[in-house]
Amino acid sequence: MVNRGIRGATTVTNNEENEILRETVVLLREIVERNDVIAEDICSVWITVTGDLDATFPARAIREIEGWDLVPLMCSVEIPVKGGLPKCIRLMVQVNTDKSQRDIRHVYLNEARKLRPDLSQQK
């Protein structure tokens, strides 16, 4: 078994607590579903948000999912690059798996599809 990173990103329309929490859960559930993993397989989740999202910590949403309360989570602010995608939430889910890099399915939702169009269509 090896440790692999699964990337994911999404965007929100507004800097509002409920929307940030909701879209974080949607993104995580899609990552878990596409990669057939369970919380016990997760080493940790690194979460970043762009500087325009400060209404809440996205990790709150993940901690409230049944079985995810012991998964190590860390939030940070994304590097503020000019022209970067606004209102963006990114996840790096580190998972213990037997899958190869080619078998990992990264997830890009909403406006974040623009970040990696080559990976956005994977199912």
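Thresholds, definitions, all that
For every chain, the first residue of the written sequence is number 1, and numbering continues from 1 along that sequence. For a predicted model such as this one, the threshold for reporting local features is a pLDDT of at least 70, and the threshold for listing and counting side-chain atom pairs is 80 or more; totals across whole chains, interfaces and linings nevertheless cover every residue. Note: side-chain values were computed over all heavy atoms of the structure, leaving out hydrogens and water. Salt-bridge detection follows one rule: a side-chain nitrogen of Lys or Arg within 4 Å of a carboxyl oxygen of Asp or Glu. Under the DSSP-based scheme used, a helix requires at least four consecutive residues in state H or I and a strand at least two consecutive residues in state E, with every element numbered from the N terminus. Here's how the labels work: a residue is buried when its accessible area is under 20% of the maximum for its type, exposed when over 50%, partly exposed in between, all with a 1.4 Å probe on protein chains only. By this definition, two strands are paired if DSSP reports at least two bridges between them. Contacts were defined at the residue level, with two residues in contact if any of their heavy atoms lie within 4.5 Å. Here an angle of 0 to 180 degrees is reported between the N-to-C directions of two axes, which are lines fitted to C-alpha atoms, with helices fitted over the stretch in contact. Residues qualify for a patch when their relative accessible area is over 30% and they have no salt bridge, like charges being joined within 9 Å and the nonpolar side chains of Val, Leu, Ile, Met, Phe, Trp and Tyr within 5 Å. Only the protein chains shown count as cover for residues, and all accessible areas are computed by the Shrake-Rupley method using a 1.4 Å probe.

1. A look at the pattern of salt bridges
At step 1: Taken as a whole and assessed by the stated rule, the structure comprises 5 salt bridges.
At step 2: Close ionic contact of Glu-30 with Arg-34 constitutes a salt bridge, the shortest N to O distance being 2.8 Å. A residue pair is termed a helical-turn pair when its members lie 3 or 4 positions apart in one helix, as Glu-30 and Arg-34 do in helix α1 (residues 17–35) at 4 residues. As far as the burial class goes, Glu-30 and Arg-34 line up, both buried.
At step 3: A salt bridge links Arg-90 to Glu-78; the shortest N-O distance between them is 3.6 Å. Taken as a pair, Arg-90 in strand β4 (residues 88–97) and Glu-78 in the loop between β3 (73–77) and β4 lie far apart in primary sequence, 12 residues in all.

2. Let's talk about the sheet that holds β3
At step 1: The 5 strands lie next to each other as β3-β2-β4-β1-β5, forming an open sheet whose pairing is mixed. Each edge of the sheet is formed by a strand with only one pairing partner; in this case those strands are β3 and β5 (107–108).
At step 2: Against the sheet, α1 touches β1 (2–11), β4 and β5, its axis set at about 140 degrees to β1.

3. As for a nonpolar patch on the surface
At step 1: A cluster of nonpolar side chains, contributed by Trp-46, Met-74 and Met-92, occupies part of the molecular surface with about 280 Å² of accessible area.
At step 2: Its place among the elements puts Met-92 in strand β4.
At step 3: You can call Met-92 partly exposed: its relative accessible area is 31%.

These figures come from the coordinates and say nothing about function on their own.
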